Amino acid sequence: MKEHRQIITFEEALKSTRRNSIELFKKHVNPEEANLLKLANVDKRYIRAEGIYLYDDEGKSYMDFSAGYGALNLGHNPPEVLEAVRNASSLPSILLAGYNHLMGALAANLSELLPGNLTMTAFGSGGAEAVELALKTARAYSHRKKFISCHNAYHGLTFGALSVGGATRYRRVFGPLLEHCETIPFGDLESLEQKLRGGDVAAFIIEPVQGEGGAIVPPCGYLKDAEELCHRYGALLILDEIQTGFGRTGKLFALEYDGAVPDIVILSKSLGAGVIPISVSVTTEEIWKKAFGARDRFDLVISTFGGNPGACAAALKTIEITLRDDLSGRAADIGRYSKERLEMLKSKHSLIKEIRGKGLMLGIELNSPSIGGAALRENLAPMIISHLLNNHGILTSYYDLAPLVLRFEPPLTVTKDQVDKAVDSLDAAFSKGVVGLGAAFGKSALGRIIRSP
Ligand SMILES: Cc1ncc(COP(=O)(O)O)c(C=O)c1O
């Protein structure tokens, strides 16, 4: 124990200067991330957020077109969700030797909204935790070992989730991962059937639209056909709707596009409106009973924070608002409008390779520039992101596994005027061209890197 402990109080932390908070983050959290944010000059100190808007300590405002990577479908700090959480604040904050009555209501609502007989919910906090719950459910149910997932898939960073992830970058760092996990190309039914033929597959886990892989939409009907194949060979179909769920793709759940009925659905991110972490793995009564319906197994799906009253309050209110305001219809409508406008940009700027995605989960894929060196290519997206933030007040990012794909993923409450402003800003940025954009970084650290051969 240190002799003269000096802790920072909440009030002091809240008031700390930008410089001080960056220093502490760099020293105690993640120096590499701090360096990257500084390099791209996107290390703002945001002090307030409301809806699509963020405000920094210099009085500047920004529109958030990355929206918590799918966690902020209602925008920042939705007042009705905050109020619901406040209203639940006199309930026991955690109750493990007993159950809280909001949990059952939320599970009942999920069962009402999801297709088929998906009636049983297991609760967690983060997305990856729900992925673990789903994988474990499949093994406990089937007594089979194998999991099939897709190239380029992203399911989170816990060991199970990494084992069914498609990124070699992560595998290299953390391996060896779970055994008996194999990947196939996304959208490829033949490869899926080949893997299933052995009759030893516990589950096929898949995102209905690949998110971090770069907003990749599978062929029409793929999910339904995958469901049919899985069932023919006795494997479960797990749909990871963590990023696509609650209206993001223009339907309440992306599985609706193909009419797919999976055996397990995983949800998180916008379920708690980004206000409180919550995640769920929802399955059928038959699967749940066989996997966990015994005195020595019912507690294998319980965690300390899973389904706590505050999180359930946020989720119940989020679902209410999402349905009442028809946010899926809105995402479909404004998504269509956004895509049309972005397609027009593509026809104007050779730097844009493709516009893809569904609803308001859109990706702008960049062409790798033919001029400049590797450093320029590697920093192309950070350069555009920095320009958009500092010159136009638009916050975006690239997809984690696709560094050349920019996110166009605003809250579903975004207006057409706000979309127009973002597209006009992209137009202005692309009009500068790679050379013009690079030159604007002058002698800054990023400018020097970009110009290096
Ligand atoms: C489809 C998908 N699955 C799982 C996860 C992991 O969620 P978390 O970061 O909350 O663990 C993510 C996160 O981006 C995701 O997009």
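Looking at an unreviewed UniProt entry, one finds the chain named Ornithine/acetylornithine aminotransferase and attributed to Candidatus Methanoperedens nitratireducens. The Cofactor (unreviewed entry) field of the UniProt record for the chain holds the comment "pyridoxal 5'-phosphate". Taken directly from UniProt, the Sequence similarities (unreviewed entry) text for the chain runs: "Belongs to the class-III pyridoxal-phosphate-dependent aminotransferase family."

1. Thoughts on the overall build of the chain
The secondary structure content of the chain amounts to 19 helices and 15 strands. Scaling as 2.2 N^0.38, a compact globule of 453 residues should have a C-alpha radius of gyration of about 22 Å, and the chain matches this with 23 Å. Reported as C-alpha extents along the three principal axes, the dimensions of the chain are approximately 65 × 60 × 50 Å. Looking at the chain as a whole, 51% of its 453 residues qualify as buried. Approximately 21100 Å² of the chain is accessible, and the part contributed by carbon and sulfur atoms is 54%. Distance from the positive charge centre (51 side chains) to the negative charge centre (52 side chains) of the chain: 6 Å.

2. As for the sheet that holds strand 9 (residues 264-267)
On the basis of which strands lie adjacent, the open sheet formed by seven strands has the order 4-10-9-8-7-5-6 and mixed pairing. On the outer flanks of this sheet lie strand 4 (118-124) and strand 6 (181-184), each paired with one strand and no other. Ignoring which end each strand starts from, the neighbouring axes of this sheet average 20° apart. As defined by bridge partners, strand 4 adjoins strand 10 (residues 279-284) across six bridges and the pair is classed as antiparallel. Counted as the bridge partner of Met120 is Thr283 from strand 10.

3. Comments concerning the site of the ligand
Taken together, the neighbourhood of the ligand is formed by Gly126, Gly127, Ala128, Tyr154, His155, Gly156, Glu207, Asp240, Ile242, Gln243 and Lys269. At 3.4 Å from a nitrogen atom of the ligand is found a main-chain nitrogen or oxygen belonging to Tyr154. Residue Lys269 places a side-chain N or O atom 3.1 Å away from an oxygen atom belonging to the ligand. If the ligand stood free it would expose 390 Å²; the protein chains cover 81% of that surface. For the shell around the ligand, the class distribution of residues is three nonpolar, five polar and three charged.

4. A word on the environment of Ile22
Within the secondary structure, Ile22 sits in helix 2 (residues 18-28). On the basis of relative accessible area, Ile22 is assigned to the partly exposed category, the value being 26%. The sequence separation of Ile22 and Lys44 amounts to 22 residues, and the corresponding C-alpha distance is 9.4 Å.

5. Focus on the packing of aromatic side chains
In the structure shown here, the tally under the stated rule is seven aromatic pairs. With a centroid separation of 6.0 Å and 75° between ring planes, the pair formed by Phe186 and Tyr222 is classed as edge-to-face. Placement of Phe186 in the loop between strand 6 and helix 10 (189-196) and of Tyr222 in helix 11 (residues 222-232) is noted, with a sequence separation of 36 residues between them. A relative accessible area of 18% places Phe186 in the buried class.

6. Regarding the domain arrangement of the chain
Here the chain is partitioned into domain 1 (44-77 + 327-451) and domain 2 (79-324). For domain 1 versus domain 2, the separation of C-alpha centres amounts to 29 Å. Listed per partner, the contact involves 32 residues of domain 1 and 36 residues of domain 2. Both sides together, the interface formed by domain 1 and domain 2 hides about 2500 Å², and carbon and sulfur atoms give 56% of it. When the buried area of domain 1 at its contact with domain 2 is split by residue, Lys358, Met361 and Leu401 rank highest and sum to 30% of it. Scanning the region where domain 1 abuts domain 2 turns up one salt bridge.

7. Some details on the pairing of strand 7 (residues 201-206)
For strand 7, the buried fraction is high: six of the six residues fall into the buried class. In terms of strand pairing, strand 5 (residues 146-150) meets strand 7 through three bridges, oriented parallel. In the strand pairing of strand 7, Lys146 is matched with Val201. Of the pairings in the sheet, the one linking strand 7 to strand 8 (residues 236-240) comprises four bridges and is parallel in character. For Ala203, the partnering residue across the bridge sits in strand 8 and is Leu236. Crossover connection from strand 7 via helix 11 to parallel strand 8: handedness right-handed.

Criteria and cut-off values
- Residues numbered from 1 in each chain as written.
- Predicted model: local features only at pLDDT ≥ 70, side-chain atom pairs only at ≥ 80, totals over all residues.
- Heavy atoms only, no water.
- UniProt positions renumbered as here; feature names shortened; annotations may be inferred.
- Helix = DSSP H or I, 4+ residues; strand = E, 2+ residues; numbered from the N terminus.
- Rg over C-alpha atoms; globule rule 2.2 N^0.38 Å.
- Buried < 20%, exposed > 50% of the residue type's maximum accessible area, 1.4 Å probe, protein only.
- Areas by Shrake-Rupley, 256 points an atom, 1.4 Å probe, with all protein chains shown as cover.
- Lys, Arg positive; Asp, Glu negative; His and termini not counted.
- Charge placed at Lys NZ, Arg CZ, Asp CG, Glu CD.
- Pairing = 2+ DSSP bridges.
- Axes fitted to C-alpha atoms, helices over the stretch in contact; angles between N-to-C directions.
- Near = heavy atom within 4 Å.
- Polar contact = N/O pair within 3.5 Å; in protein donor to acceptor, adjacent residues only side chain to side chain.
- Nonpolar A, V, L, I, M, F, W, Y, C, P; charged D, E, K, R; others polar.
- Phe/Tyr/Trp six-rings, centres within 6.5 Å; stacked < 30°, edge-to-face > 60°.
- Domains from an automatic or database assignment.
- Contact = heavy atoms within 4.5 Å.
- Buried area = accessible area lost by both parts, 1.4 Å probe.
- Salt bridge = Lys/Arg side-chain N within 4 Å of Asp/Glu carboxyl O.
- Right-handed = clockwise from strand over helix to strand, strands pointing away.

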